[in-house]
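# Geometric and topological summary
One letter stands for each residue in the lines below.
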Protein chains: 2
Amino acid sequence: MNTTDKVLARIDANFADAQARWMDWLRIPSVSAQPAHAADSRRAAEYAVAQLADIGFQISVRDTAGAPCVVGHHPGPGGDVPHVLYYGHYDVQPAEPLELWTHPPFEPTLVDGPHGKRVTARGAVDDKGQVSMWLNAMRAWHAETGTLPCRVSVLIEGEEEISSINFKPFVAANRDELRADVAVISDTGMWDIDTPALTAGLRGLVYFQVDLRAANRDLHSGMYGGSALNPINALVTALGQLKDADGRVQVPGFYDGVRDISPAQANQWAALGFDEARYLRDIGMTTPSGETGRSALERLWARPTCDINGIWGGYQGPGSKTVIAAEASAKVSFRLVPGQDPEKVVAGFKRFMQDHVPADAKLSFQLFGCGAGLKIPTTDRFVQAAAKALEAEYGKAPAMIGSGGSIPVVETLLAELGLNTVLMGFGLDDDLVHSPNEKFEVRCFHKGMRTHARLLGALG
Amino acid sequence: MNTTDKVLARIDANFADAQARWMDWLRIPSVSAQPAHAADSRRAAEYAVAQLADIGFQISVRDTAGAPCVVGHHPGPGGDVPHVLYYGHYDVQPAEPLELWTHPPFEPTLVDGPHGKRVTARGAVDDKGQVSMWLNAMRAWHAETGTLPCRVSVLIEGEEEISSINFKPFVAANRDELRADVAVISDTGMWDIDTPALTAGLRGLVYFQVDLRAANRDLHSGMYGGSALNPINALVTALGQLKDADGRVQVPGFYDGVRDISPAQANQWAALGFDEARYLRDIGMTTPSGETGRSALERLWARPTCDINGIWGGYQGPGSKTVIAAEASAKVSFRLVPGQDPEKVVAGFKRFMQDHVPADAKLSFQLFGCGAGLKIPTTDRFVQAAAKALEAEYGKAPAMIGSGGSIPVVETLLAELGLNTVLMGFGLDDDLVHSPNEKFEVRCFHKGMRTHARLLGALG
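Conventions adopted
Residues numbered from 1 in each chain as written. Chains lettered and ligands numbered in written order. Predicted model: local features only at pLDDT ≥ 70, side-chain atom pairs only at ≥ 80, totals over all residues. Helix = DSSP H or I, 4+ residues; strand = E, 2+ residues; numbered from the N terminus. Rg over C-alpha atoms; globule rule 2.2 N^0.38 Å. Buried ≥ 20, exposed ≤ 12 C-beta atoms within 10 Å, placed from the backbone. Contact = placed C-beta atoms within 7 Å. Pairing = 2+ DSSP bridges. Axes fitted to C-alpha atoms, helices over the stretch in contact; angles between N-to-C directions. Nonpolar A, V, L, I, M, F, W, Y, C, P; charged D, E, K, R; others polar. Domains from an automatic or database assignment. Least-squares fit on C-alpha atoms with pLDDT ≥ 70 in both. Expected span 1.5 Å × (residues − 1). Parallel < 35°, antiparallel > 145°, perpendicular 65-115°, else oblique. Left-handed = near helix turned anticlockwise from the far one by under 90°.

Here the focus is the overall build of chain A. The number of helices and strands found in chain A is 15 helices and 18 strands. For 460 residues, the compact-globule estimate of 2.2 N^0.38 gives 23 Å, and chain A sits close to it at 23 Å. When the 460 residues of chain A are sorted by exposure, 58% land in the buried category. Summarising the internal contacts of chain A: among those between residues at least 6 apart in sequence, 79% fall at separations of at least 24.

Listed below in structure tokens is the structure:
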């Protein structure tokens with residue numbers, strides 16, 4: 001039995017403890033979007049510090065202008081070993097609408113599913129569950145060998161769900177301390193429960209709140225309807241023109257730099273056998289609703305999008321109120337692909353809105369995120385090492401997939417530290433990430449821990 | 001001194017008591033749109049019953065499927081006198097947004113204004129203040145003569161602000177009891193503080209809530225953006241097409257039956273000297289926002305409109321949430337002019353929405369109001385009597401105006417009871433009806449009471 005096998009046996013033997021630590025972390029409602037949870041953010045950070053201090057890390061909670069970061073270092077065994085930076089985030093999305101949860105979002109609960117037990121909670125998978133996998137893999141190595149097989153730094157932030165607004169300056173200010181040979185992140189998914197995956201491309205994100213103000217007060221629609229600007233009508237008229245009938249985004253310059261995928265890429269994705277009808281059926285839909293003339297995986301992994309994530313204004317209570325509101329607001333986001341310049345999308349959206357509202361409409365914008373899309377080089381030796389660890393654990397090679405989501409931190413690590421990132425995640429498509437009843441399969445958690453332990457061993 | 005003059009002197013002498021009764025009524029938060037205020041509705045009805053029982057009415061609170069009605073009868077002096085039905089409503093609009101009130105909406109407060117004292121409260125003018133005028137005019141007649149100068153019935157409902165949903169069946173069920181020679185309503189405005197007005201035309205109202213459901217749950221915009229139907233995008237895309245660039249409503253058949261105003265009517269309205277620039281400036285706007293090629297008064301009094309009164313869906317909290325919501329909703333209303341068929345507008349809007357949303361969008365509609373526009377014959381003898389009472393009080397003849405608002409009850413009284421209605425109101429354009437800081441000028445209240453006393457005297 002080699003050392004890695006002993007570590008794996010230890011993971012299996014101590015599984016209950018690892019699961020308990022994961023669930024304890026989930027009890028802390030570290031919702032970064034809601035200022036009322038600031039103290040919970042700090043508690044969640046301190047929880048990670050305690051875990052890593054246990055296994056020999058020099059580690060502390062470090063202040064930023066927003067939620068704190070956790071930074072720590074472990075020297076490893078010494079000698080000529082790689083230096084790996086593990087990144088994760090302890091913050092979670094808001095749990096609302098609360099009434100749709102079958103169990104309270106911050107009381108993690110073990111429930112039965114088709115793949116065995118699963119844990120349901122906000123953050124079950126994104127990202128506390130995935131971070132817990134490598135925390136526990138390191139714990140097992142430390143318990144077995146008194147050290148880690150390679151040099152390790154960790155960086156766990158608390159604002160990933162609000163576009164990592166203070167993360168980039170923090171990394172820039174601590175560039176020397178955070179240098180490493182490669183970054184490893186578990187915040188992505190598998191192809192399916194039996195097929196592991198490495199993510200080789202990510203979409204970027206530009207996220208706006210736009211407020212449109214009209215009259216200086218709410219108005220009676222009888223006395224002003226037909227003469228006074230209605231801000232809701234004005235806002236929906238502008239936002240309603242964001243896409244044409246083919247689903248193409250009408251923001252000027254939006255498609256600049258967007259390239260069609262290569263025939264080789266198209267073939268590789270076609271070979272994955274994505275079942276679009278089932279993907280839609282799972283969410284209660286029958287008809288694809290994206291850009292016409294593009295395959296489902298292309299739309300998700302290689303095409304930019306525009307979604308209105310929230311909208312509000314005027315009377316929203318029961319019954320009727322004949323009011324013309326003074327203002328209306330929306331949250332609007334764009335997923336970007338490699339080649340698009342986020343700054344250009346920001347400027348283009350502002351111009352689009354100004355061009356599509358009437359004279360008296362007063363627009364204001366808040367920008368909550370501005371990150372580019374990214375491609376990961378799959379020939380990198382660390383990506384290859386991760387692929388081998390996955391193959392050893394699952395008995396088959398990982399799929400090299402894209403991701404519709406955004407992890408702007410990957411761009412920051414590349415820009416600020418020159419690091420490539422291995423995106424090795426264990427989520428499933430039905431994990432209900434960002435939705436009520438988010439869950440993570442216990443089987444994924446367990447095999448994820450084992451795979452992380454294998455990767456650490458391989459890097460040593 | 002004739003009897004009417006004695007009654008007017010009594011009104012002046014007892015003014016403080018009348019004002020106190022008006023303000024007491026305003027303390028009851030009888031918000032018909034909000035079920036939590038059902039008990040307050042009943043209290044507000046009972047308050048009116050107590051006032052009228054005091055002065056010899058046979059009166060009671062009468063149940064409906066919703067908020068109760070107040071119905072009462074006074075035989076008058078006997079003999080060949082007209083029988084007048086006074087209609088009013090004790091319910092008020094929701095007071096939200098509460099933070100914009102300078103005084104609490106249900107703690108009526110006397111404040112100074114350019115025309116002397118005013119009372120600020122929800123319902124100050126609409127309609128408790130205006131009803132209080134005729135309640136107190138009747139009280140003065142009763143105190144002076146021991147009876148009223150003519151036969152009087154009163155009908156005060158509690159759901160006017162939610163489109164009188166149970167009023168029509170109530171009137172139909174009590175047709176014999178409610179018959180009279182004419183109806184009098186004070187729920188409209190003056191031309192300005194020195195110029196009285198009678199309202200000779202009203203817009204109708206069709207009011208919808210439309211809900212659009214897409215996926216069976218909230219989705220992550222990274223994993224589904226670009227493939228899954230976004231209900232907010234779908235809703236704004238449909239609603240954004242409700243009007244064309246000239247402000248014309250695109251609902252099929254919407255303008256059927258709408259007639260241009262006669263040159264005589266246009267001249268009469270032009271002679272009123274409406275100051276559109278000031279009307280807009282008062283609400284913080286500079287540019288008219290209605291149908292192109294129509295005058296301001298024409299747009300308000302003779303053209304139908306479409307306004308979105310409320311909209312909501314998805315994430316509305318601080319910061320960002322990358323979610324695709326499961327549903328989105330809006331409140332949409334249409335002001336109708338005489339000639340339009342409200343049922344046709346209802347069917348047309350439903351068809352418009354169905355035609356403008358994608359295949360997977362599930363629409364549902366709730367109808368909160370469906371009333372036609374109406375013209376009042378100004379040659380009616382009761383309208384002429386009201387004009388004389390106004391002229392006696394103000395020293396000038398009233399303007400014959402239209403109204404942008406809707407009082408569907410006028411249509412009900414005509415259809416069910418065959419009654420014409422005298423619309424004699426004392427509100428001002430800056431009363432902030434339906435807005436925060438609604439107010440009613442004490443001077444308008446006082447002269448309104450006196451005018452109602454004169455009209456009662458003239459009818460006797």
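Having seen it, we continue.
What follows is about the sheet that holds strand β9 (residues 204–213) of chain A. Here we have eight strands laid out as an open sheet, ordered β14(A)-β9(A)-β13(A)-β11(A)-β11(B)-β13(B)-β9(B)-β14(B), and antiparallel in their pairing. Either end of the sheet is taken by a strand with one partner, and the two such strands are β14 (362–371) of chain A together with β14 (362–371) of chain B. Each strand axis lies, on average, 20° off the axis of its neighbour in the sheet, ignoring direction. With nine bridges joining them, strand β9 (residues 204–213) of chain B and β14(B) adopt antiparallel strand pairing.

Here we take up the interface of chain B and chain A. The partner chain A presents 81 residues to the 83 residues of chain B that form the contact. Of the residues assigned to the side of chain B that touches chain A, the class counts are 33 nonpolar, 38 polar and twelve charged. Pairing between strand β11 (residues 305–314) of chain A and strand β11 (residues 305–314) of chain B: five bridges, direction antiparallel. Within β11(B), the position partnered with A:Ile311 by the bridge is B:Gly313.

Our focus in this paragraph is the domain arrangement of chain A. You can read the domains of chain A as domain 1 (3–202 + 373–459) and domain 2 (204–258 + 304–370). Put simply, the middle of domain 1 of chain A and the middle of domain 2 of chain A, counted by C-alpha atoms, are 35 Å apart.

Residues and elements named next belong to chain A. Most of β9 sits out of view: eight of its ten residues are buried. Pairing geometry for β9 and strand β13 (residues 327–336), over ten bridges, is antiparallel. Bridge assignment links Arg213 to a residue of β13, and that residue is Glu327.

Attention now goes to the relation of the copies chain B and chain A. Expressed as a screw operation, the relation of chain B to chain A combines 0.0 Å of axial shift with a rotation of 180°, fitting to an RMSD of 0.1 Å. Here the two chains are linked by the operation of a two-fold rotation axis. When you check the interface residues of chain B against chain A, 98% turn up at the interface there too, and the contact is symmetric in its surfaces.

Time to look at the environment of A:Thr147. Residue and element names in this part refer to chain A. As for its placement among the helices and strands, Thr147 is situated in the loop between α4 (128–145) and β6 (151–157). In this structure the C-alpha to C-alpha distance between Thr147 and Pro75, which are 72 residues apart in sequence, comes to 8.4 Å. When residues no more than four places from it in sequence are discounted, the contact partners of Thr147 are Gly56, Gly76, Pro77 and His142.

For the rest of this paragraph, the subject is helix α3 (residues 38–53) of chain A. Residue and element names in this part refer to chain A. An ideal rise of 1.5 Å per residue puts 22 Å on 16 residues; α3 measures up with 23 Å between its terminal C-alpha atoms. Restricting attention to buried positions, one finds in α3 the residues Asp40, Ser41, Ala44, Ala45, Ala48, Val49, Gln51 and Leu52. Residues of α3 that are buried in the fold lie against α2 (15–26), β1 (58–62), β2 (69–74), α4 and β6.

All names here are of chain B. Close contact between helix α4 (residues 128–145) and helix α15 (residues 442–459) brings their axes to 8 Å; oriented N to C, the two are set at 50°. Judged by the angle between their axes, α4 and α15 are oblique. Of the two elements, α4 crosses α15, and the hand of that crossing is right-handed. Between α4, through Gly129, Gln130, Met133, Trp134, Asn136, Ala137, Ala140 and Trp141, and α15, the contact on the second element is made entirely by Phe445, Gly448, Met449, His452, Ala453 and Leu456. Its residues placed into classes, the contact of α4 with α15 shows nine nonpolar, five polar and no charged.

All right, on to the sheet that holds strand β4 (residues 109–113) of chain B then. All names here are of chain B. With respect to topology, three strands assemble into an open sheet ordered β4-β5-β18, the strand pairing being antiparallel. Across the chains shown, the open sheet's two edge strands, defined by having one partner strand only, are β4 and β18 (439–441). Averaged over all adjacent pairs, the angle separating strand axes in this sheet is 35°, with direction ignored. Sheet topology note: the strand β5 (residues 116–120)/β18 ladder contains three bridges and is antiparallel. Bridge assignment links Val119 to a residue of β18, and that residue is Phe440. Across the face of the sheet, α15 comes into contact with β5 and β18 while running at roughly 60° to β18.

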